[in-house]
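Take a look at the letters that make up each chain.
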Amino acid sequence: TVEGSLGIGQPSYLTLTDAAPNALAALFVSFTSEPVPFYGGTLQAWPIIMTSTPVLVTDSLGGLWLELPPAEGLPEGQSIFVQYAIGDVAASEGVSISNAVLGIVQ
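Residues numbered from 1 in each chain as written. Predicted model: local features only at pLDDT ≥ 70, side-chain atom pairs only at ≥ 80, totals over all residues. Heavy atoms only, no water.

K.L.:
Can you help me understand the layout of surface pockets in this one?
P.N.:
Vacant regions in the atomic arrangement are exposed by a probe of water-molecule size rolled over the atoms. Of the pockets and cavities examined, the largest pocket occupies roughly 390 Å³. Lining the largest pocket we find 22 residues, and of these Val29, Met50, Leu68, Pro69 and Ile80 sit closest to its centre. At the level of elements, strand S3 (24-30), strand S6 (50-51), strand S8 (64-68), strand S9 (79-87) and strand S11 (101-104) are the ones that each hand at least two residues to the lining of the largest pocket. Class assignment of the residues belonging to the lining of the largest pocket gives a composition of 18 nonpolar, three polar and one charged. Counted as a void, the second largest pocket has a volume near 170 Å³. For the second largest pocket, the full set of lining residues is Thr1, Leu14, Thr15, Leu16, Thr17, Val82, Gln83, Tyr84, Ser98, Asn99 and Val101. Going through the elements one at a time, strand S2 (12-16) and S9 are the ones with two or more residues in the lining of the second largest pocket. (1 Å grid on protein atoms, 1.4 Å probe; cavity = no way out; pocket = protein on both sides within 12 Å on 5 of 7 lines; lining within 4 Å. Points joined across faces, edges and corners; volume = space filled by probe spheres on them. Helix = DSSP H or I, 4+ residues; strand = E, 2+ residues; numbered from the N terminus. Nonpolar A, V, L, I, M, F, W, Y, C, P; charged D, E, K, R; others polar.)

K.L.:
What's the story with the sheet that holds S8 in this structure? I'm lost.
P.N.:
In a beta sheet, neighbouring strands pair by backbone hydrogen bonds and run either parallel or antiparallel. Taken in spatial order, the three strands make up an open sheet running S1-S2-S8, and their pairing is antiparallel. The sheet terminates laterally at strand S1 (2-4) and S8, the two strands that pair on one side only. Neighbour to neighbour, the strand axes of the sheet diverge by 20 degrees on average, direction disregarded. Across five bridges, the pairing between S2 and S8 is antiparallel. Within S8, the residue paired with leucine 14 across the bridge is leucine 66. (Pairing = 2+ DSSP bridges. Axes fitted to C-alpha atoms, helices over the stretch in contact; angles between N-to-C directions.)

K.L.:
Whenever I open this one, the packing of aromatic side chains confuses me. Can you help?
P.N.:
Centre distance and the angle of the planes are the two values used to describe a pair of aromatic rings. One pass over the full model with this rule turns up three aromatic pairs. Considering the side-chain rings of phenylalanine 38 and tyrosine 39, the 4.9 Å spacing of their centres and the 75 degrees angle between planes classify their relative orientation as edge-to-face. Cluster of aromatic residues (ring-pair linked, three or more members): Phe28, Phe38 and Tyr39. (Phe/Tyr/Trp six-rings, centres within 6.5 Å; stacked < 30°, edge-to-face > 60°.)

In structure tokens, the structure reads:
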């Protein structure tokens, strides 16, 4: 989920829940959504404009919480798609993919 307005100078937060515990995760960010196959699922945050660096790690309950950077320089109304890929030994190809979330800069 995304909380906050994605407005310039306003705090916004991204929360991942129910992922594999203590797992490596990568966040993908895109301005558009052109879905592509990805590890047995669909990556909707494509084409990628940014990924998380360093790689992130979920907590012991499979959660991850991030404060999003300010939307400085982005126009009002700009779409931002975000989606996680999480290392998951229980997944068919070893990677689970979160739902994609769409945010609009306000």
